[in-house]
Amino acid sequence: MQNDMLINWLISCLLQIKPLPILLFYGNKSSGKTLTSKAIMKLFMGEIGNVSIFPNDKRSMMSCITESFVYSIDNLDSKIPPWFADTLTMASTGGSITERALFTNSETYRKDI
């Protein structure tokens, strides 16, 4: 079943089907979760593909999500902040970020996830 889920996830990524399932590796310590994540990142991103540490804040995570085709976070077994669940949901279902472009005026920019 896990193999079928991984294949479906890979196809969904390539075809950009939304909502895109969140892929989560679960297992004991040293069971290959990080190694599998790194392999998937390298498959999609080439040499620059790798896992990331947990982002410091929502803006950092949103930047990482919008600038990368695939984004992998390692070691999510610590306490997560309140904003994480909504941000992760938006990454899965799609949406966009609309923010002020500069602090000196009221211009905005919009970036799709």
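Relevant structure appears above.
Residues numbered from 1 in each chain as written. Predicted model: local features only at pLDDT ≥ 70, side-chain atom pairs only at ≥ 80, totals over all residues. Heavy atoms only, no water.

**Q** Looking at this structure, how should I read the pattern of salt bridges?
**A** Side-chain pairing between opposite charges can occur once the charged atoms of the two side chains come close. Inspection of every chain in the model, using the stated rule, returns one salt bridge. Between Glu-67 and Lys-111 there is a salt bridge, with its nearest N and O atoms 2.8 Å apart. Of the two residues, Glu-67 sits in helix 3 (residues 58–67) while Lys-111 sits in strand 2 (residues 108–112), which places them 44 residues apart along the sequence. The class of Lys-111 is partly exposed, set by a relative accessible area of 30%. (Salt bridge = Lys/Arg side-chain N within 4 Å of Asp/Glu carboxyl O. Helix = DSSP H or I, 4+ residues; strand = E, 2+ residues; numbered from the N terminus. Buried < 20%, exposed > 50% of the residue type's maximum accessible area, 1.4 Å probe, protein only.)

**Q** What should I look at first to understand the nonpolar core in this one?
**A** The tendency in soluble globular proteins is for nonpolar side chains to be buried side by side. Counting seven residues, the largest nonpolar core is built from Phe-54, Met-61, Ile-65, Ile-73, Trp-83, Phe-84 and Ala-91. Every element with two or more residues in this core is listed here: helix 3 and helix 4 (83–93). For this core, the leading source of residues is helix 4, giving three residues. Membership of the second largest hydrophobic core comes to six residues, among which are Trp-9, Ile-40, Met-41 and Phe-44. (Core = buried A, V, L, I, M, F, W, Y, C linked by side-chain atoms within 4.5 Å.)

**Q** Just checking my understanding: could you explain the environment of Asn-50 for this structure?
**A** The residue Asn-50 is located in the loop between helix 2 (33–45) and helix 3 in this model. For Asn-50, a relative accessible area of 37% puts it in the partly exposed group. Among all residues touching Asn-50, those that are not within four sequence positions of it are Lys-38, Met-41 and Ser-72. (Contact = heavy atoms within 4.5 Å.)

**Q** Got a minute to help me understand the pairing of strand 2 in this structure?
**A** The side chains of a regular strand alternate between the sheet's two faces. Little of strand 2 is tucked away, with zero of its five residues classed as buried. As paired strands, strand 1 (residues 96–100) and strand 2 are joined by five bridges and run antiparallel to one another. Looking across to strand 2, one finds that Glu-99 is bridged to Tyr-109. (Pairing = 2+ DSSP bridges.)

**Q** I would appreciate a short explanation of helix 1 (residues 2–15) in the present structure.
**A** In an α-helix, one full turn covers 3.6 residues, which means residues spaced three or four apart are oriented alike. The terminal C-alpha atoms of helix 1 lie 20 Å apart, and with 14 residues this matches the ideal 20 Å at 1.5 Å per residue to within 8%. Every buried residue belonging to helix 1 is among Trp-9, Ser-12 and Cys-13, and all of these are buried. Down the axis of helix 1, the sector holding all buried residues measures 100°, keeping them to one side. In helix 1, the exposed residues that point more than 90 degrees away from the buried face are Asn-3, Leu-14 and Leu-15. (Expected span 1.5 Å × (residues − 1). Arc of directions from axis to C-beta.)

**Q** Even after reading the chapter, I still don't get unusual backbone geometry, so can you show me in this structure?
**A** Peptide bonds are trans in most cases, and residues, glycine excluded, mostly fall at negative phi. The phi dihedral of Ser-30 falls on the positive side, at around 65°, and the residue is not glycine. You can see Ser-30 is positioned in the loop between helix 1 and helix 2. Taking the relative accessible area as the measure of exposure, Ser-30 reaches 74% and is therefore exposed.

**Q** Is there a simple way to think about the packing of helix 1 against helix 2 in this case?
**A** Working note: a packed helix pair is described by the angle between its axes plus the distance between those axes. Look at helix 1 against helix 2: their axes get within 12 Å of each other, and the N-to-C directions meet at 30°. On the basis of their axis angle, the class for helix 1 and helix 2 is roughly parallel. At the point where helix 1 passes helix 2, the crossing takes the right-handed sense. The segment helix 1 lies against helix 2, with Leu-6, Trp-9, Leu-10, Cys-13 and Leu-14 engaging Ile-40, Leu-43 and Phe-44. Counted by class, the contact of helix 1 with helix 2 contains eight nonpolar, no polar and no charged residues. (Axes fitted to C-alpha atoms, helices over the stretch in contact; angles between N-to-C directions. Parallel < 35°, antiparallel > 145°, perpendicular 65-115°, else oblique. Left-handed = near helix turned anticlockwise from the far one by under 90°. Nonpolar A, V, L, I, M, F, W, Y, C, P; charged D, E, K, R; others polar.)

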